[in-house]
Amino acid sequence: MNIRSYNIFFHLHTVSGIIISAALFVIFFAGSFSFFRDEIANWQKNESVSAIETGVTTNFDTVIDSLQKNYSLYGRDIEIAKHYNERRLDINLSATKDTLAKEEDKAGTFFYLDTKTFKNFTYEQSYTLGEFLYRLHFFAQIQYPFGYYLSGFVAFFFLFAIITGVLIHWDKIVSNFYVFRPKAKLKTIWTDAHTALGVIGLPFQFIYAVTGTFFMLSLLMAAPSVALLYDGDQQKLYEDLEYFDKPVTLLQQPLSDVPSVEKYITATKQQWEGFNVSHVHLYNFGDESMQIAVEGELDRSEKFTGNGKIIYQATDGKIVYQKNPFTDISYLDVVKNLMYRLHYGDYSGFSLRVISFILGLISCFVIISGVLIWLVARDKKNIPLKKRKFNAALVNIYLGICLTMYPITAASFIAVKLVNPASQAFIYQFYFIGWLLLAIAFTLKKNLYFTNKYTLLLGSIIGFLVPIANGLASGNWFWLTYKNENFQLFFIDVFWIILATSTLLITFKIKRKPA
Amino acid sequence: MPANKKYLTTSPWQRFAKISAGFLGGYFVTVTFHLALAAWFDRVNIMISSTFTGFIIWATLLIVTFLAKNGWKMWGVYLLLTALFYGIVQLGKMYHPII
């Protein structure tokens with residue numbers, strides 16, 4: 001590569017990297033924990049479900065009976081779905097289309113339904129630390145849509161930084177990979193670590209940059225087509241991309257006897273072996289025109305992309321629409337599925353998610369080491385003192401913000417166990433205020449070595465307390481959850497013990513080195 | 001390390017031209033390129049592919065822009081390409097109407 005291009009790429013990599021670094025760290029750190037979103041949620045609520053996602057297994061007729069106790073369902077579109085591996089189902093009731101209905105039925109509603117107790121919960125009542133960390137990783141706490149776009153553009157410039165990073169290292173990508181000089185000066189250590197771990201994590205990081213941008217910014221690619229290709233017909237685009245069903249008109253002819261929905265679920269499952277039902281739509285409930293749409297997918301170990309759907313006419317069981325998960329899989333299905341599977345890492349059991357978590361933390365390390373290279377490379381005599389002071393202050397704040405995420409995250413796990421129930425407001429306040437205070441405290445110390453070592457030490461100590469707090473608060477000590485085969489509850493406790501042990505060992509290895 | 005300044009853009013106008021050409025111009029080229037393909041080939045497949053190839057191409061164009069000596073020329077190139085692809089979209093719509 002010619003020297004001009006090299007220097008340009010180098011500069012692009014540095015500038016894009018330093019701008020997104022702190023935001024990207026937050027995304028990767030919170031994102032790594034998000035691999036266990038459902039486990040954290042279940043652990044917090046002391047509710048255990050089967051460790052492997054099986055779709056909705058509750059009897060749908062029981063669910064509908066329970067809904068009917070509180071709502072008049074006639075003429076509504078009802079969605080019963082399972083998005084997370086938790087006990088609670090998502091229930092979405094549309095306003096009734098019956099023009100003669102009572103005012104209260106002309107409003108839609110959304111809530112969660114516990115499949116064991118059949119109690120209803122609002123979104124806020126169902127909020128957990130798992131949900132919080134998951135949402136933090138795309139900045140959903142910042143007002144919509146700013147947080148989403150911010151995280152989207154951070155992901156996009158992360159992609160930019162990955163490509164420029166590979167270009168810089170391309171000529172020596174093999175030989176430099178084997179170079180590690182832990183005894184050398186600091187700048188060399190950071191550079192070697194940044195390069196080697198960057199290359200190890202490259203496929204992982206590239207996938208997350210692309211899929212992450214897809215989630216947050218795909219509108220930027222899709223929206224222009226409405227104006228330029230579809231001449232403003234947005235509906236047609238959604239139909240093309242198979243994003244909705246054609247609406248069914250209400251006939252205003254109530255059925256005297258609403259047919260069993262479960263019957264159709266069973267029929268679907270018998271037709272497609274290994275089919276897990278994830279979404280059920282009941283259109284025009286209780287009307288002559290009522291339709292039952294059953295959606296789901298095959299077990300992922302059977303077929304990577306195996307999403308199927310069938311729509312029945314409720315009165316006579318006629319099949320209105322069918323998409324066979326074994327045979328009717330299009331390129332469109334594969335792409336849509338692939339984006340999610342690759343990002344969620346949920347297609348190969350627990351081990352893949354554990355590996356993804358580790359790679360996520362490695363990416364955090366790559367980000368931090370990059371920032372440190374930036375600092376050390378500019379800490380030279382020929383650079384004006386004022387600039388050096390500014391750089392040092394900036395990195396000091398960056399590390400203060402980033403590294404304190406570990407202790408405050410650990411502390412939040414304890415907080416949601418001690419304060420029961422922990423509301424959304426409580427989690428927000430505890431996490432954000434605690435984080436701010438810790439970040440300020442460590443920043444004021446103005447010592448990178450201190451920040452690094454003691455955030456890890458603090459996080460480790462608090463981390464060890466997580467399973468103890470859980471045991472004391474809920475009685476679910478991890479040996480009991482192991483015995484009772486409550487795998488998810490057991491996992492979070494053991495996860496913290498292992499994580500805290502690892503970071504504690506690292507703490508002992510951190511020694512002050514002359515620059 | 002750090003990058004040698006003598007190879008970098010120093011003029012603020014040039015810097016502005018390159019950043020805007022790469023970010024906006026690159027975006028226009030990416031979008032119209034995919035639409036041009038979509039107007040002639042399997043529309044749905046191209047559209048859904050664009051949700052990931054789009055960002056990879058956009059990021060690449062953004063990088064390539066900085067290799068140019070003159071940012072305004074890159075603006076010119078990108079606008080020409082955008083116009084060309086836009087023409088192909090319109091032609092495609094004539095031969096393969098969607099609606």
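Residues numbered from 1 in each chain as written. Chains lettered and ligands numbered in written order. Predicted model: local features only at pLDDT ≥ 70, side-chain atom pairs only at ≥ 80, totals over all residues.

A. Expanded view of the overall build of chain A. Within chain A, the secondary structure is distributed over 18 helices and 8 strands. Taking as baseline every contact in chain A between residues at least 6 positions apart, the subset at least 24 positions apart corresponds to 69%. (Helix = DSSP H or I, 4+ residues; strand = E, 2+ residues; numbered from the N terminus. Contact = placed C-beta atoms within 7 Å.)

B. Region of interest: the overall build of chain B. From N to C terminus, chain B includes 3 helices and 0 strands. In sequence order, the secondary structure elements of chain B are arranged as α-α-α. In terms of overall dimensions, chain B is more spread out than a globule: its C-alpha atoms have a radius of gyration of 16 Å, far above the 13 Å expected for 99 residues. Across the 99 residues in chain B, those meeting the buried criterion constitute 38%. Intrachain contacts of chain B at a sequence separation of at least 6 include 85% that bridge at least 24 residues. (Rg over C-alpha atoms; globule rule 2.2 N^0.38 Å. Buried ≥ 20, exposed ≤ 12 C-beta atoms within 10 Å, placed from the backbone.)

C. View of the pairing of strand β3 (residues 109–114) of chain A. Residues and elements named next belong to chain A. Pairing between strand β2 (residues 88–93) and β3: 6 bridges, direction antiparallel. Paired with L93 across the two strands is T109, which belongs to β3. Examined bridge by bridge, β3 and strand β4 (residues 120–121) share 2 bridges and lie antiparallel to one another. Paired with L113 across the strands is N120, a residue of β4. Taken together, β3 and the strand that follows it, β4, pair antiparallel across an intervening segment of 5 residues, in which F118 is found at a positive phi of about 55 degrees. (Pairing = 2+ DSSP bridges.)

D. Inspection of the confidence of the model for chain B at higher detail. For chain B, mean pLDDT is 94; residues scoring 70 or higher make up 98% of the total. With a pTM of 0.94, the predicted complex shows an ipTM of 0.96. (pLDDT = per-residue confidence, 0-100.)

E. Main features of the sheet that holds strand β6 (residues 291–298) of chain A. Overall, antiparallel pairing links the 8 strands, which are arranged β4-β3-β2-β1-β5-β6-β7-β8 (chain A) in an open sheet. Single-partner strands in this sheet number two, and they are β4 and β8 (319–323) of chain A.

F. Looking closely at unusual backbone geometry. All names here are of chain A. Cis rather than trans, the peptide bond between Y144 and P145 has omega equal to 0 degrees. The amide bond that connects N420 to the next residue, P421, takes the cis arrangement and shows omega of 0 degrees. Position of P421 relative to the elements: it lies in the loop between α14 (405–418) and α15 (424–445). The phi dihedral of E242 falls on the positive side, at around 55 degrees, and the residue is not glycine. On the basis of neighbour count, E242 is assigned to the partly exposed category, with 15 C-beta atoms found within 10 Å. Positive phi is not limited to glycine here, since K446 has a value of about 50 degrees.

G. Expanded view of helix α1 (residues 3–34) of chain A. Of all the bends found along α1 of chain A, the most pronounced is centred on S21 of chain A and spans about 55 degrees. Most of α1 of chain A sits out of view: 23 of its 32 residues are buried. (Bend = angle between axes of the 7 residues up to and from the residue.)

H. Local environment of the interface of chain B and chain A. On the chain A side, the residues contacting the 31 residues of chain B number 36 residues. At the level of secondary structure, the elements contributing two or more residues to the side of chain B that touches chain A comprise α1 (12–40) and α2 (43–65) of chain B. Examining the composition of the side of chain B that touches chain A, we find that 16 residues originate from one element, α2 of chain B, more than from any other. Of the residues in the side of chain B that touches chain A, the class split is 23 nonpolar, 7 polar and 1 charged. (Nonpolar A, V, L, I, M, F, W, Y, C, P; charged D, E, K, R; others polar.)

I. Expanded view of the packing of helix α2 (residues 37–45) of chain A against helix α4 (residues 129–136) of chain A. All names here are of chain A. As a packed pair, α2 and α4 sit with axes 7 Å apart at the nearest point and diverge in direction by 150 degrees. With respect to each other, α2 and α4 are oriented roughly antiparallel. On α4, the residues that touch R37, D38, I40, A41 and Q44 of α2 are L129, G130, E131, L133 and Y134. In terms of residue class, the contact of α2 with α4 is made up of 5 nonpolar, 2 polar and 3 charged. (Axes fitted to C-alpha atoms, helices over the stretch in contact; angles between N-to-C directions. Parallel < 35°, antiparallel > 145°, perpendicular 65-115°, else oblique.)

J. Structural context of the packing of α2 of chain A against helix α18 (residues 487–509) of chain A. Residues and elements named next belong to chain A. α18 packs onto α2 with a crossing angle of 100 degrees between their chain directions and a minimal axis gap of 8 Å. Judged by the angle between their axes, α2 and α18 are roughly perpendicular. Between α2 and α18, the contacting residues are E39, I40, N42 and W43 on the first element and Q488, L489, F491 and I492 on the second. Split into classes, the residues belonging to the contact of α2 with α18 amount to 5 nonpolar, 2 polar and 1 charged.

K. The nonpolar core, seen in detail. Formed by 112 residues in total, the largest nonpolar core has its most connected members in L24, F25, F158, L159 and C402 of chain A together with L35 of chain B. When sequence neighbours within four positions are dropped, the list of residues in contact with F158 of chain A reads I20, L24 and A209 of chain A. Listed in part, the 29 residues of the second largest apolar core include Y74, M290, I292 and L298 of chain A. (Core = buried A, V, L, I, M, F, W, Y, C linked by C-beta atoms within 7 Å.)

L. Just the environment of V15 of chain A, in detail. Residues and elements named next belong to chain A. With respect to the helices and strands, V15 occurs in helix α1. On the neighbour-count criterion, V15 (15 C-beta atoms within 10 Å) is partly exposed. For the pair V15 and S256, spaced 241 residues apart in sequence, the C-alpha separation works out to 68 Å.

M. Main features of helix α8 (residues 202–228) of chain A. Taking 1.5 Å as the rise per residue, α8 of chain A with 27 residues should run 39 Å; its terminal C-alpha atoms sit 36 Å apart, in good agreement. In α8 of chain A, a bend of some 70 degrees at M216 of chain A exceeds every other bend along the element. (Expected span 1.5 Å × (residues − 1).)

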